[in-house]
Structure formats: C-alpha cells, structure tokens
Amino acid sequence: MVTKDFAKKVAEKSQADTWVPAKEHSVFNSYDASYYEGHREAFIHKYRVLKNATALLEPESIVELGSSHGPGTNAMLTGVDWKASYVGYDSYGPTTNEQGEPWDPVVIMKSMFQANSFEKYNLEMCDLRQVESIPEADLCFVDAMHDYRGCYQDTLLAIRAECKHILIDDYHGEEVKFAVEDICNNYRDEVRQVCYLEHLSGLVLLERI
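Our focus in this paragraph is unusual backbone geometry. Residues other than glycine seldom take positive phi values, yet Tyr92 does so here, at roughly 50 degrees. At Glu162, a residue that is not glycine, the phi angle is positive and equals roughly 60 degrees. Examined against the element boundaries, Glu162 turns out to sit in the loop between helix H6 (148–160) and strand S7 (165–169). Residue Glu162 is classed as partly exposed on the basis of its relative accessible area, which comes to 43%.

What follows is the structure, given as structure tokens:
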C-alpha cells in the first residue's frame, strides 16, 4: 500500500532530479513541438514527476492508454531502469510535423526501444472506445482522451483489469477531475484515490483496494 507521504517523496525527488529526456523521445519531438518548447521547464518537470512516481511504485508491468510517440513511456521506463514490461494503446496515426516532415509515432517509439535495448513491449493500434479489456498490470497510466467520458472509460478499463495502481494525467482539467471523483465513488469498493501529484497539468494516483 502506498504511504501517506508518497506525494511528498515524489515532489522531493523530482525537485532534486536532473534527468532530461533525449529530445527525440520527448514532447519536444511532438508533431506540434513549438507548444511544448514554449513551456520547456514546466514539461521537463512534468515528466520528472512521472518518472519518480513510477520509480517509487516499482511496477514490473506497465500499460499506457494514450502513449502518442512515447514521452510518458520514456519517463516511466526510465524510472524502473527499463526493467518492466510495457503495453501501449493509441491510434498511432502518422502525420506531418510543423516543418512539413513525416512524423510517425510508431517509428519514434520503436527507435526509443531499440536505443535502450528494450524488447518487452507491445503496441496496440486502436480506437480506445472500441477496446473492451486491457491486460492486468502493476501500473496503468491513463493519458488518452481528457473529456469526461473518455477519462472515465479509460480508468474503468484499468479498474476492470485489476491494475494495482492507476496514474491519471491532466487532473487540472475539470472533466478529468469530475470523472475521477465519480469513478472513485462508483467503484469505492475496488479503488481509492491516494494522492495528487503536482506538475504542469496535475497527476492523480489511484490504488486498488
């Protein structure tokens, strides 16, 4: 069980952390990278928080709902020294970046895995609204749709999969906050809200009872 001082520990570790992700495996390599570059320090801190929260939870298996090209994946797996198995869910659709160059999230993620000699992964190309179940995992990171319905349904997938811990990103958004409050109330016998983790857009930790 996560202790009451978990949020304090994550904050302290993140404040002292000097880790900066490689650009090609970060939000600064997104197809819309200029937005993230405009808030560079805040986003570096955000992913340090995710990295250190994962390090303290010590999962041996991770499922990510909404992995994009892997900035969160990189942070979480770095937190456990690339020793956990990983399953990512996203539409993974290729597009072009702001320079008009091809941008393919699958190519970027696979290059990241190769750079870290990591083979324990599976990428599920899908529409999450059509997904009926996900694998059980020690940690599920919910970071796909940030509307009420999308967040609620993604979190429900994690609860039904009996994931030990669930991290939900972008908790500052009202619809995400309402979804978390409702699902914790509706499934109070299965999951509890542990703590809020401060960063640019907020992160909340749920734990299976």
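Next comes the rest of the description.
The next point concerns the packing of aromatic side chains. Going through the model one piece at a time under the given rule, you end up with twelve aromatic pairs. Their ring planes at 55 degrees and their centres at 6.0 Å tell us that Tyr86 and Phe113 sit as a pair that is tilted. One end of the pair, Tyr86, is in strand S2 (residues 85–90); the other, Phe113, is in helix H5 (residues 105–115), with 27 residues separating them in the sequence. Residues Tyr86 and Phe113 agree in their burial class; the two are buried. Put simply, the rings of Trp82, Tyr86, Phe113, Phe118 and Tyr121 touch in pairs and so form one group of aromatic residues. Over the ring of Phe28 we find Arg40; its NZ or CZ atom is 4.3 Å from the centre of that ring. In this arrangement the basic side chain of Lys177 is found over the ring face of Tyr171, its NZ or CZ atom lying 5.5 Å from the centre.

Another point: the sheet that holds strand S1 (residues 61–65). Taken in spatial order, the seven strands of this open sheet run S5-S2-S1-S6-S7-S9-S8, and their pairing is mixed. One side of each edge strand has no neighbouring strand; the edge strands of this open sheet are strand S5 (121–125) and strand S8 (191–197). Neighbour-to-neighbour, the strand axes of the sheet open up by a mean angle of 15 degrees, direction not taken into account. The sheet contact formed by S7 and strand S9 (residues 203–208) spans five bridges and is antiparallel. Across the sheet, Ile168 pairs through a bridge with Val204, a residue of S9. Packing of H5 onto the sheet brings it into contact with S2 and S5, and relative to S5 it is tilted by some 175 degrees. Relative to S8, helix H7 (residues 174–186) is tilted by about 150 degrees, and along the sheet it contacts S7, S8 and S9.

Turning our eyes to something else, we now look at the packing of helix H4 (residues 71–79) against H5. Packing of H4 against H5 leaves a shortest axis separation of 10 Å and a crossing angle of 20 degrees. Taken as axis vectors, H4 and H5 run roughly parallel relative to one another. The hand of the H4/H5 crossing is right-handed. Where H4 approaches H5, its residues Thr73, Asn74 and Leu77 are matched on the opposing element by Met109, Met112 and Phe113. Looking at the contact of H4 with H5 residue by residue, the class counts come to four nonpolar, two polar and no charged.

With respect to the element layout, His199 can be found in the loop between S8 and S9. In this structure His199 comes out as buried when scored by relative accessible area, which is 4%. Considered as a pair, His199 and Ala42 are 157 residues apart in the sequence and their alpha carbons are 7.5 Å apart. With sequence-adjacent residues up to four places away left out, His199 is seen in contact with His45, Lys46, Val49, Asp169 and His172. Only 3.4 Å separates the side chain of His199 from the side chain of Asp169, close enough to count as a polar contact. Looking at His199, its side chain comes within polar contact range of the main-chain nitrogen of Gly202, at 3.1 Å.

The rules behind the values
- Positions within a chain are numbered from 1, following the residues in the order the chain's sequence is written.
- With the structure being a predicted model, the display of local features is reserved for residues of pLDDT at least 70 and the display and counting of side-chain atom pairs for 80 or more, all residues being used for whole-chain, interface and lining totals.
- Think of the side-chain values as coming from all heavy atoms in the structure, minus any hydrogens and water.
- Put simply, DSSP H or I for four residues or longer makes a helix, DSSP E for two residues or longer makes a strand, and each gets a number counted from the N terminus.
- We call a residue buried when its accessible area falls under 20% of the maximum for its residue type, exposed when it is over 50%, and partly exposed in between, using a 1.4 Å probe and counting protein chains only.
- Stacked, edge-to-face and tilted labels apply to pairs of Phe, Tyr and Trp rings (six-membered ring for Trp) whose centres lie within 6.5 Å, assigned for plane angles under 30 degrees, over 60, and everything in between, in that order.
- Look at NZ for Lys and CZ for Arg. If either is within 6 Å of the ring centre and within 35 degrees of the ring normal, a charge sits over the ring.
- Criterion used throughout: strands pair if DSSP finds at least two bridges between them.
- Simply put, an axis is a line fit to the C-alpha atoms, just over the touching stretch for a helix, and the angle between two N-to-C directions goes from 0 to 180 degrees.
- Every residue pair with non-hydrogen atoms within 4.5 Å of one another is taken to be in contact.
- Any angle from 65 to 115 degrees is called roughly perpendicular, while one under 35 is roughly parallel, one over 145 is roughly antiparallel, and all others are oblique.
- Rotating anticlockwise by less than a right angle from the far helix to the near helix defines a left-handed crossing, while the corresponding clockwise rotation defines a right-handed one.
- Gly counts as polar in this scheme, as do all residues outside two lists: the nonpolar Ala, Val, Leu, Ile, Met, Phe, Trp, Tyr, Cys and Pro, and the charged Asp, Glu, Lys and Arg.
- Any N or O atom pair separated by 3.5 Å or less is treated as a polar contact, with the protein-specific requirement of one donor-capable and one acceptor-capable atom, and with residues adjacent in sequence counted only for side-chain atom pairs.

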